[in-house]
Amino acid sequence: MTEVTVPDWLQRVADTAAEDIDLVRRSAHLTGGRESAVLMLFGPSARGVTVVLTERAQTLRQHPGQVSFPGGGVDPTDDGPVAAALREAQEEVGVDPAGVEVVGLLPQLPLSVTGFSVTPVLGWWARPRPVGVVDAAEVERVAVVPIAELLDPAHRFMAVHPAREFAAPAFEVGDLYVWGFTAIVLSEFFDVAGLTVPWNLEDERPVPQRFLR
């Protein structure tokens, strides 16, 4: 099987200056939090380029059932956020770190709701391998989603949180509901990558009740 090289748009995001990412500007006033990292892992497939997402276990105290990237806290034994993201992806869904080409990092993003400072690590999977739930205590299921389905305007809308009174980009592909931090990062990633297809920002929908506990 011929390996597929890193797409230009993925390299472009990795090369983009931090000040060009709107989320960084908006969260600049937030500081502190436990250091953590997530792996934004893209790869080729017969369905086009895909990204690996997880649905968090329903038993977790924070964000149960929500869709996220593989990842977690940076441990003292980790050599920074890249090592942490790769370790967590292996522990949670079985990604082999040896098969991941780290293209770059996005700036550290404060996640004020849970008190984490998250570094998204951009990875390219030239030769994807099967993945699945490894740590059932953390992950309910794994979804390898074509980015074309996320970019489809029919699958995009603004999710409105009734308690916090804000609206933010969200996605719904089949029964996969992506909102919050993960959706915001994906949305802005697509913007910087130049992949975004115009969609209806006035389509506002309440966040499903199952995510509000």
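Residues numbered from 1 in each chain as written. Predicted model: local features only at pLDDT ≥ 70, side-chain atom pairs only at ≥ 80, totals over all residues. Heavy atoms only, no water.

1. Here we look at the sheet that holds strand β9 (residues 156-161)
Step number 1: If you trace the four strands from one edge of the open sheet to the other, you get β11-β10-β9-β12, paired in mixed fashion. Each having just a single partner strand, β11 (176-178) and β12 (204-206) make up the two edges of the open sheet. Taking the axes of each pair of neighbouring strands and ignoring which way they run, one obtains an average angle of 40° across the sheet.
Step number 2: Pairing between strand β10 (residues 166-173) and β11: three bridges, direction antiparallel. (Pairing = 2+ DSSP bridges. Helix = DSSP H or I, 4+ residues; strand = E, 2+ residues; numbered from the N terminus. Axes fitted to C-alpha atoms, helices over the stretch in contact; angles between N-to-C directions.)

2. Considerations on the nonpolar core
Step number 1: Counting residues in hydrophobic clusters, the biggest one holds 37 residues, and the most contacted among them are Leu-10, Met-40, Phe-42, Leu-122 and Phe-189.
Step number 2: Broken down by element, this core gets its largest block of residues, seven residues, from helix α5 (residues 180-193).
Step number 3: With sequence-adjacent residues up to four places away left out, Met-40 is seen in contact with Phe-69, Leu-106, Pro-120, Val-121, Leu-122, Gly-123, Val-185, Leu-186 and Phe-189. (Core = buried A, V, L, I, M, F, W, Y, C linked by side-chain atoms within 4.5 Å. Buried < 20%, exposed > 50% of the residue type's maximum accessible area, 1.4 Å probe, protein only. Contact = heavy atoms within 4.5 Å.)

3. Some thoughts on the pattern of salt bridges
Step number 1: Per the stated rule, a full pass over the model turns up eight salt bridges.
Step number 2: With a shortest N-O distance of 3.6 Å, Arg-34 and Asp-75 are connected by a salt bridge. Taken together, the positions of Arg-34 in strand β1 (residues 34-43) and Asp-75 in the loop between β4 (71-73) and α3 (80-93) put the pair 41 residues apart, joining distant regions of the chain.
Step number 3: The residue Asp-175 makes a salt bridge to Arg-141 at a minimum N-O spacing of 3.2 Å. On the criterion of sequence distance, the pair formed by Asp-175 in the loop between β10 and β11 and Arg-141 in strand β8 (residues 139-146) is long-range, its members being 34 residues apart.
Step number 4: Among the residues examined, Asp-175 registers a relative accessible area of 56% and is labelled exposed.
Step number 5: Several salt bridges share partner residues, and in doing so they unite Arg-34, Asp-75, Asp-78, Arg-87, Glu-88 and Glu-91 into one network. (Salt bridge = Lys/Arg side-chain N within 4 Å of Asp/Glu carboxyl O.)

4. Brief notes about the environment of Gly-48
Step number 1: By secondary structure assignment, the location of Gly-48 is in the loop between β1 and β2 (50-56).
Step number 2: Gly-48 gets classed as partly exposed once you look at its relative accessible area, which sits at 30%.

5. Examining α3
Step number 1: Here α3 is 14 residues long and its end C-alpha atoms lie 20 Å apart, about the 20 Å a rise of 1.5 Å per residue gives.
Step number 2: Contacts from the buried residues of α3 go to β1, β2, β4, β5 (101-105), β7 (116-124) and β8.
Step number 3: Phi for Gly-94, located one or two positions after α3, is positive at around 85°. (Expected span 1.5 Å × (residues − 1).)

6. Topic: the packing of helix α1 (residues 8-15) against α5
Step number 1: Closest axis-to-axis distance for the α1/α5 pair is 8 Å, and the angle between their directions is 105°. By the angle between their directions, the pair α1 and α5 is classed as roughly perpendicular. Packed against α1, whose contacting residues are Trp-9, Leu-10, Arg-12 and Val-13, the element α5 presents Phe-189, Val-192 and Ala-193 at the interface.
Step number 2: For the contact of α1 with α5, the per-class residue count stands at six nonpolar, no polar and one charged. (Parallel < 35°, antiparallel > 145°, perpendicular 65-115°, else oblique. Nonpolar A, V, L, I, M, F, W, Y, C, P; charged D, E, K, R; others polar.)

7. Here's the deal with α1
Step number 1: Looking at α1, one finds that the buried residues are Trp-9, Leu-10, Val-13 and Ala-14. Projected down its long axis, α1 shows its buried positions confined to an angular sector of 145°, all on one face. Opposite the packed face of α1, turned more than 90 degrees from it, sit the exposed residues Asp-8 and Asp-15. (Arc of directions from axis to C-beta.)

8. With respect to the pairing of β10
Step number 1: Relative to β10, β9 runs antiparallel, the two sharing six bridges. Following the sheet pairing, Val-160 is matched in β10 by Ala-167.
Step number 2: Here β10 hands over to β11 after two residues, with Gly-174 in that stretch at a positive phi of 60°.

9. Some details on the confidence of the model for the chain
Step number 1: Chain-level statistics for the chain give a pLDDT mean of 87 and a share of 85% at 70 or above.
Step number 2: Across the chain, helix α4 (residues 147-151) holds the top mean pLDDT of 98, while helix α2 (residues 22-26) sits lowest at 55. (pLDDT = per-residue confidence, 0-100.)

10. Here's the deal with the packing of aromatic side chains
Each aromatic ring pair is summarised here by two numbers: the centre-to-centre distance and the angle between the ring planes.
Step number 1: For the coordinates displayed, the defined rule picks out six aromatic pairs.
Step number 2: Measuring from ring centre to ring centre gives 5.8 Å for Phe-157 and Tyr-177, while their planes differ by 45°; the resulting arrangement is tilted. Linking Phe-157 in strand β9 with Tyr-177 in strand β11, this pair joins segments that are 20 residues apart in sequence.
Step number 3: Given the relative accessible area of 5%, Tyr-177 is considered buried.
Step number 4: Measuring from centroid to centroid gives 5.9 Å for Phe-189 and Phe-190, while their planes differ by 70°, and the two rings are edge-to-face.
Step number 5: Grouped by ring-pair contacts, the aromatic residues Trp-9, Phe-42, Phe-171, Phe-189 and Phe-190 constitute a single cluster. (Phe/Tyr/Trp six-rings, centres within 6.5 Å; stacked < 30°, edge-to-face > 60°.)

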